[in-house]
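# Coordinate inspection notes
Residues per chain, in single letters:
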Amino acid sequence: MKKRALKTTARAAFGLTTLTALLLVLPQTSQSSQPIDINGCTTINSPGQYRLAADLTFNPGPASLPSSSTCITIGASNVDLNLNGHTITGPSGGGDGTAGISVTSKTMVDIKGPGVISGFGRGIDFDAVTSSDVKQVTATGNFFGFVVNNNSVGNLFRENTATGNAQHGFTLNGAHNNGFLNNVASNNGAEGILLFAGSGNQVKGNTTNGNGQDGILSGGGVSTGHSIKDNTASGNGVSGIRLLAGSTGNNVKGNTAQSGSVTPADFRTRAPTVSA
């Protein structure tokens, strides 16, 4: 319980000005108890430590069942899940609707790799999740890579890889004050990182190359006050970093960005329709 109390204190202090401090004080998962092994798709309903003990293959059940769309549903707060080098494989990444790991309205959830999630509508899906941490996970061959929706606040995504997904590598839709640090979002079909209708998110030190549209796109709805710093975005189909007309009050500096054509650093402001 002492470790968990320390973690709660650290994450309560999360903010754009304290991201570095958070990384320094965020404790490692307590080793005081043995993790519970997971050998198949399941719902986690109790706090605690869990780890994959095998590769998982998800076969959708009847649409009437809660388990019909997600391999691992995290239905409790204060959960540590270690993918432990394993792969979670879904039925198809050709459309939205399924998820490798889904979390809704929970707090203090840690998902740690290494591990690969492929063949789902969404690799990892956060909805109204707070103060949680996703690290060293690869989402590839999904429709969306990582999705952070619906007033998800104060979460940290670091050292993850989203590549070869049909749509966006990382999608933030209505999410606020989250941190995206040192991730790779490359060779996805649409945006590498999409900041849609949210505020105060920090996007720092990421690599977003070779995406079908933009490396990083901010806009749509009210999208304000983001910090976009020290990222690399090159070889993308439209722009390296693009700010739509409704995206205001952002701090954009220290980035290296080129569009799909060979041009100097490219920061463009447009107002096309954006799907999220």
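Here is a short report on the structure shown in this document. (Residues numbered from 1 in each chain as written. Predicted model: local features only at pLDDT ≥ 70, side-chain atom pairs only at ≥ 80, totals over all residues. Heavy atoms only, no water.)

### With respect to the overall build of the chain
Helices and strands together make up the secondary structure of the chain, namely two helices and 28 strands. Relative to its 276 residues, the chain shows a buried fraction of 49%. Restricting the contact set of the chain to residue pairs at least 6 apart, pairs at least 24 apart contribute 56%. Per element, the accessible surface of the chain, about 10,900 Å² overall, is 51% carbon and sulfur. (Helix = DSSP H or I, 4+ residues; strand = E, 2+ residues; numbered from the N terminus. Buried < 20%, exposed > 50% of the residue type's maximum accessible area, 1.4 Å probe, protein only. Contact = heavy atoms within 4.5 Å. Areas by Shrake-Rupley, 256 points an atom, 1.4 Å probe, with all protein chains shown as cover.)

### Topic: the pairing of strand β11 (residues 133-140)
As paired strands, strand β9 (residues 109-118) and β11 are joined by six bridges and run parallel to one another. Within β11, the residue paired with G115 across the bridge is V137. Sheet topology note: the β11/strand β13 (residues 156-158) ladder contains three bridges and is parallel. Residue pairing for β13: D133 is matched across the bridge by L156. (Pairing = 2+ DSSP bridges.)

### Brief notes about the state of the cysteines
Tallied over the entire structure, the rule returns one disulfide. Disulfide pairing is shown between C41 and C71; the S-S distance is 2.2 Å. Looking along the S-S bond of the C41-C71 disulfide, the torsion reads about -85°, which is the left-handed sense. Here C71 lies in strand β5 (residues 70-74) and C41 lies in the loop between β1 (36-38) and β2 (42-44), a separation of 30 residues in the sequence. On the accessibility criterion, C41 (34% relative accessible area) is partly exposed. In this structure C71 comes out as buried when scored by relative accessible area, which is 1%. (Disulfide = S-S within 2.5 Å.)

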